Amino acid sequence: MARRHHYKRRTKDAHELDVTTFLNLMVVLVPFLLITAVFSRLTIVELNLPSSTGGASSAEEGFRVEVIVREAGIEITNGKSVIASIPNQDDEFDLETLSDFMVELKREYPEHDAASVLMEAHIPYDYLIQVMDIVRSVEVPMDGEEQYELYALFSEISVGDAP
Amino acid sequence: MNLTSLMDVFTILVFFLLVNSGSVELVEAPKDVKLPESRVETKPRETVVIFVSREDVLVQGKIVARVADILEDQAATIDPITARLAELRENIVGPSTMAVAASQEVTILADKAVPFVVIRKIMSTCTGEGYENVSLAVIQKPSQVAAS
């Protein structure tokens, strides 16, 4: 009798789809895809390298922005003489001041796009990327809003050893 | 038990994740290498990949040198990397290795803490070997700029 009852019930709601197998598949697929999903996006910084045999010296004529990262601080030169030097604050590079200087320099020389980042040997590579970020662009808050606007500064960056 | 809503959620999730994983990463960052963050938006291309972790340097997945040795060495270029790059150019097996060899580009995935001189030496080794375009891989930092 019990069997008959069971059979009856099944015929009654036979319209409903049996989704159990599909659900099993989903339950397996969702965690699998979640684990393999990559959420951090990898991007690349393209470099402007001095060509192979060490012609890194800035023998070019005219004005050239150079940011020299030393262990004691950051110096900005125009290729010949030091324009500004930014000492470290609490053993950290003062990147905000550097950003301000870069904005000033871009304002003075709006037609220049080239800049060099020169680093001393034992500075961690992370600072190279941070300084390049600052030299390349600046984020300016828009007045009265919480949004920021991105301005390109010196977009062609070369990398080299500090003199 | 009514599973319809759960099914909806799962179906949407599965499709989202499938589409998301469809854009396969060309270069995958290894777990022990902590890449720096930057605002750049350039997508990685299929190139020769050089990993620089805190201890070792890997060119296309093969350990070729140690960071400590590079630091001690006074030479401007790193011979094992030169040899490995030359080997890569000769060993063309399939379409993907051919694309890598033909790209004449190098992507360096380096740990944050690696001293600059190591990166500098690797870069000059690459340019010396004819790979003129060198890129540095970074993790994209969420920009504060609203999409407009």
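Computed from a prediction, not measured in an experiment: that's the story for all the values here.

A few points about the interface of chain A and chain B
In this assembly, 47 residues from chain A lie in contact with 55 residues from chain B. Buried surface at the junction of chain A and chain B, both sides included, amounts to about 4700 Å², of which 66% is carbon and sulfur. Looking at the side of chain A facing chain B, the largest losses of area belong to Leu42, Ile44 and Tyr125 of chain A, adding up to 19% of the total buried there. Taken together, the connections running from chain A to chain B amount to 2 salt bridges. A salt bridge links Glu139 of chain A to Arg39 of chain B, with the shortest nitrogen-to-oxygen separation between them at 3.8 Å. Counting the contacts that link chain A with chain B gives 11 residue pairs in polar contact (both at pLDDT 80 or more). Among the secondary structure elements, those contributing two or more residues to the side of chain A that touches chain B are α2 (20–36), β1 (42–46), α4 (125–136), β6 (137–141), β7 (148–152) and β8 (156–161) of chain A. No other element matches α2 of chain A, which puts 8 residues into the side of chain A that touches chain B. Within the side of chain A that touches chain B, the residues separate by chemical class into 30 nonpolar, 8 polar and 9 charged. With 5 bridges joining them, β1 of chain A and strand β6 (residues 133–140) of chain B adopt antiparallel strand pairing. What sits directly across from Thr43 of chain A, in β6 of chain B, is Val138 of chain B.

A short note on the packing of aromatic side chains
Aromatic ring pairs are described here by two measures, namely the spacing of the ring centres and the angle between the planes. Residue and element names in this part refer to chain A. With the rule as written, the count across this model stands at 1 aromatic pair over all chains. Here Phe93 and Tyr127 contribute two aromatic rings whose centre-to-centre distance is 4.9 Å and whose plane-to-plane angle is 80 degrees, an arrangement assigned as edge-to-face. Here Tyr127 lies in helix α4 and Phe93 lies in the loop between β4 (82–87) and α3 (95–108), a separation of 34 residues in the sequence. The residue whose ring lies beneath Lys106 is Phe154, and the NZ or CZ to ring-centre distance is 5.3 Å.

Regarding the nonpolar core
The biggest cluster of nonpolar side chains holds 60 residues, and the ones touching the most others in it are Leu98 and Met102 of chain A together with Val52, Val57, Ile108 and Ile122 of chain B. In this view, Met102 of chain A contacts Val65, Val67, Ile76, Ile134, Val135, Leu153 and Phe154 of chain A; residues no more than four positions away in its chain are not counted. Val33, Leu35, Val49 and Ala137 of chain B belong to the second-largest nonpolar core, a separate cluster that totals 9 residues.

Reading the values: rules and limits
- Here the residue index of a chain counts from 1 through its sequence in written order.
- Key to labels: chains lettered from A, ligands numbered from 1, both in the order written.
- Local features in a predicted model are, by the rule used here, given only for residues with pLDDT of at least 70; side-chain atom pairs are given and counted only at 80 or more, and totals for whole chains, interfaces and linings are based on all residues.
- Note that water and hydrogens are dropped before the side-chain values are worked out from all heavy atoms of the structure.
- Throughout, a contact is declared for two residues whenever any of their heavy atoms are within 4.5 Å.
- Buried area adds together the accessible area that both of two parts lose upon being put together, with accessible area traced by a 1.4 Å probe.
- Salt bridge, as applied in this entry: a Lys or Arg side-chain nitrogen positioned within 4 Å of an Asp or Glu carboxyl oxygen.
- By the criterion applied in these results, polar contacts are pairs of N or O atoms within 3.5 Å in which, for protein atoms, one can donate a hydrogen and the other can accept it, and in which residues neighboring in sequence qualify only through two side-chain atoms.
- Segments assigned H or I by DSSP are reported as helices when at least four residues long, segments assigned E as strands when at least two residues long, and all are numbered from the N terminus.
- In this classification, the charged set is Asp, Glu, Lys and Arg, the nonpolar set is Ala, Val, Leu, Ile, Met, Phe, Trp, Tyr, Cys and Pro, and all remaining amino acids, among them Gly, are polar.
- By this definition, two strands are paired if DSSP reports at least two bridges between them.
- Between 30 and 60 degrees the pair is tilted, below 30 it is stacked and above 60 it is edge-to-face, where a pair is any two Phe, Tyr or Trp rings, Trp via its six-membered ring, whose centres lie within 6.5 Å.
- Put simply, a charge is over a ring when the Lys NZ or the Arg CZ is close to the ring centre, within 6 Å, and near the line of the ring normal, within 35 degrees.
- Here, the term nonpolar core denotes a set of buried Ala, Val, Leu, Ile, Met, Phe, Trp, Tyr and Cys residues that are joined through side-chain atoms within 4.5 Å.
- Three exposure classes are used, based on accessible area relative to the maximum for each residue type with a 1.4 Å probe and protein chains only: buried under 20%, partly exposed in between, and exposed over 50%.

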